[in-house]
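Residue strings, one per chain:
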Amino acid sequence: MLRIGLTGGIGAGKSTVARRLAEHGAVVVDADELARRVVAPGSEGLREVVAAFGVGVLTPEGALDRPEVARRVFSDEAERARLNSILHPRVAELAAAAFEAAPPDAVVVHDIPLLVEKGMSSQYHLAVVVMAPERVRVDRLRRTRGMTESEARGRIGSQATDEDRRAAADVLLDNTASRRVLLAEVDALWRDRLVPFERNVRLVRSGRDATAPVLVDHDPDWAAQAARIVERVRRVAGPDALRVDHVGSTSVPHLPAKDVLDLQLTVADLATADALAAPLAAAGFPRFEGIDSDAPQPWDPDPDQWRKRVHTSADPGRAVNLHVRVVGTEGWRYALLFPAWLRADEAARADYASLKRATAERFGRDRDAAAYTAGKEPWFTERLPAADRWAARVGWRAGDETGRT
Ligand SMILES: CC(C)(COP(=O)(O)OP(=O)(O)OC[C@H]1O[C@@H](n2cnc3c(N)ncnc32)[C@H](O)[C@@H]1O)[C@@H](O)C(=O)NCCC(=O)NCCS
Ligand SMILES: Nc1ncnc2c1ncn2[C@@H]1O[C@H](COP(=O)(O)OP(=O)(O)OP(=O)(O)O)[C@@H](O)[C@H]1O
């Protein structure tokens, strides 16, 4: 099963996207619809809302007077929190049941306006966010829902900011222009990403073949992309994750790199790494059999210092190598030390960048990723003393850095 979180501010076009995905065959779990169900006439939810807000929130027929509730809660944060605390646990329970009931090969889309507000994005394989400028949204809400400008702004003000939504988005859909443009984007997302992603998760396989050694300029968005995946890995590994770091070249600003995010999950031992293989695979990170060790260093007699497990991503839209290493080992320390040094030392960074370019040039034509990786290896052995001297000088110790987990 592929779990997709879909969100967007009111009037951005979330429901339009959800409908299109349903037409393609997705199972849509609609939080707004569930929020209506839990306050249906005769429900426990409705009784609690009346107990909290009084009979003034009922229509003469005994149903919830939604415009009246909206008036109260979208201008008063405390009232809104009170309503949310009654409804959200019930809505969450129904949503969990709907996910349970979906077939194993389904793409399940959780259409939920408050995904970002509730910090839920790491629960899904992907978070999809629909955006449109506030002015456009207000116009749509006035035109199609009969809201006044101040009602529309009240709801917008009750929700996350565009900036927060953008930070949570693995996929951003822009709905500023016509519906036709939006739907074409959704069609491509379904065809090129969601369908193969679901299949890869089910068949426990990678989203991409080994990537050819093609260098691209540092992408300033890599850090944010990695941060979202770090969150996912942490959620899956729970307390077994001693830390999760964005490592490798993409974690070094200004350094050209292959467009593959390297992450390191730190565990206590390899038995823990092996126990995490199945949950990581279900979360979209299948184990990659074949590389169980980093290249051991010539000076190190102990191969255990270099053993690891490697996972990739089942997402055809985002290549990831997730290295699961044991805390305190040499391989683990290297993976943290080198990026830290390269981030701090401009000359070392320039030196490494020119080696990368030359090596990519040499092996890029044959698309030989393994030769490219091996070709860079001696540089690390050679530069280790310099990296260590830097670490001693600035007092850097592996695992001390905060803010990268
Ligand atoms: C206040 C209520 C009665 C107003 O009903 P109304 O029919 O006018 O709106 P509807 O439920 O169709 O929601 C429309 C949109 O309003 C926004 N919205 C709804 N509830 C909230 C909320 N608690 N906080 C912020 N925005 C909200 C969302 O963008 C949603 O898509 C209703 O929205 C409600 O019960 N809200 C609380 C439950 C909730 O949080 N629902 C959101 C999904 S869990
Ligand atoms: N590109 C567009 N151009 C014009 N109108 C649009 C466009 N996209 C959506 N709309 C209209 O704007 C309104 C809001 O869209 P939609 O219902 O999809 O938004 P939403 O984000 O799901 O809102 P809500 O949070 O209330 O569910 C709808 O009436 C829809 O038909």
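As the structure is a computational prediction, the values presented were derived from the model and not from experiment.

Draft legend 1. Summary view of the overall build of the protein. For the protein, the count of helices and strands is 15 helices and ten strands. For the protein, the spread of C-alpha atoms along the three principal axes comes to 85 × 40 × 40 Å. Expressed as a percentage of the 405 residues in the protein, the buried residues total 36%. For the protein, the share of sequence-separated contacts (at least 6 apart) that also reach a separation of at least 24 residues comes to 72%.

Draft legend 2. Local environment of the site of ligand 2. In the vicinity of ligand 2 lie 16 residues, with Lys14, Ser15, Thr16, Arg140 and Thr144 positioned nearest. If you list the elements that add at least two residues to the shell around ligand 2, you get α1 (14-24), α6 (134-145) and α9 (179-202). At three residues, α1 tops the list of elements feeding residues into the shell around ligand 2.

Draft legend 3. Quick look at the site of ligand 1. Near ligand 1 there are 18 residues, and of these Ile10, Ala31, Ala35, Arg66 and Pro113 occur at the shortest range. Elements represented by at least two residues in the shell around ligand 1 include exactly α2 (31-37), α4 (66-73) and α5 (77-101). The class makeup of the residues in the shell around ligand 1 is eleven nonpolar, three polar and four charged.

Draft legend 4. Broad picture of the domain arrangement of the protein. Domain annotation of the protein identifies domain 1 (2-202) and domain 2 (222-394). Its C-alpha centre places domain 1 at a distance of 37 Å from the equivalent point of domain 2. Taken together, the contact pairs eleven residues of domain 1 with ten residues of domain 2. Top contributing element to the side of domain 1 that touches domain 2 by residue count: α9, with five residues. Residue classes in the side of domain 1 that touches domain 2 are distributed as four nonpolar, five polar and two charged.

Draft legend 5. Spatial organisation of the nonpolar core. Core analysis: the largest hydrophobic core is formed by 47 residues, its most contacted members being Ile4, Val109 and Ala127. Of all the elements in the fold, those that place two or more residues in this core are β1 (2-8), α1, α2, α3 (44-53), α5, β3 (107-111), β4 (126-131) and α9. Not counting chain neighbours up to four residues away, the residues in contact with Ala127 comprise Gly5, Leu115, Ser121, Ala168, Ala169 and Asp170. Grouped together as the second largest cluster of nonpolar side chains are 36 residues, Ala237, Val267, Leu276 and Leu336 included.

Draft legend 6. Region of interest: the sheet that holds strand β6 (residues 243-247). The sheet built from five strands is open, its strands ordered β6-β7-β10-β9-β8 with mixed pairing. The two strands at the open ends of the sheet, each matched to only one other strand, are β6 and β8 (287-288). As paired elements, strand β9 (residues 308-312) and strand β10 (residues 320-326) share five bridges and run antiparallel to each other. Looking across to β10, one finds that His311 is bridged to Leu322. Strands β6, β7 (261-267) and β10 of the sheet are contacted by helix α10 (residues 222-237), whose axis makes an angle of about 30° with β7. Against the sheet, helix α13 (residues 330-344) touches β6, β7, β9 and β10, its axis set at about 125° to β10.

Draft legend 7. Structural detail: α13. With 15 residues, α13 extends 21 Å from end C-alpha to end C-alpha; this agrees with the ideal 21 Å at 1.5 Å per step. Judged by how many residues are buried, α13 sits mostly within the fold: twelve of 15 residues are covered. Among all positions of α13, only Glu330, Gly331, Trp332, Tyr334, Ala335, Leu336, Leu337, Phe338, Pro339, Ala340, Trp341 and Leu342 are buried. Each element contacted by the buried residues of α13 is listed here: β6, β7, β9, β10, α14 (346-364) and α15 (369-394).

Draft legend 8. Quick look at the environment of Ala237. Mapped onto the fold, Ala237 is located in helix α10. The spacing of Ala237 and Pro385 is 148 residues in sequence and 34 Å in space, taken between C-alpha atoms. In this view, Ala237 contacts Leu265 and Leu276; residues no more than four positions away in its chain are not counted.

Draft legend 9. Structural context of the UniProt feature "binding site: ATP" (unreviewed entry) in the protein. Within this structure's numbering, the places UniProt gives as "binding site: ATP" (unreviewed entry) are Gly11, Ala12, Gly13, Lys14, Ser15 and Thr16. In this fold, Gly13 is placed in the loop between β1 and α1. When sequence neighbours within four positions are dropped, the list of residues in contact with Gly13 reads Gly8, Val130, Ala132, Asn175 and Leu182. Within the secondary structure layout, Ser15 lies in helix α1. For Ser15, a count of 17 C-beta atoms within 10 Å gives the class partly exposed.

Scoring rules and cut-offs
- Residues numbered from 1 in each chain as written.
- Chains lettered and ligands numbered in written order.
- Predicted model: local features only at pLDDT ≥ 70, side-chain atom pairs only at ≥ 80, totals over all residues.
- Helix = DSSP H or I, 4+ residues; strand = E, 2+ residues; numbered from the N terminus.
- Buried ≥ 20, exposed ≤ 12 C-beta atoms within 10 Å, placed from the backbone.
- Contact = placed C-beta atoms within 7 Å.
- Near = placed C-beta within 6 Å.
- Nonpolar A, V, L, I, M, F, W, Y, C, P; charged D, E, K, R; others polar.
- Domains from an automatic or database assignment.
- Core = buried A, V, L, I, M, F, W, Y, C linked by C-beta atoms within 7 Å.
- Pairing = 2+ DSSP bridges.
- Axes fitted to C-alpha atoms, helices over the stretch in contact; angles between N-to-C directions.
- Expected span 1.5 Å × (residues − 1).
- UniProt positions renumbered as here; feature names shortened; annotations may be inferred.

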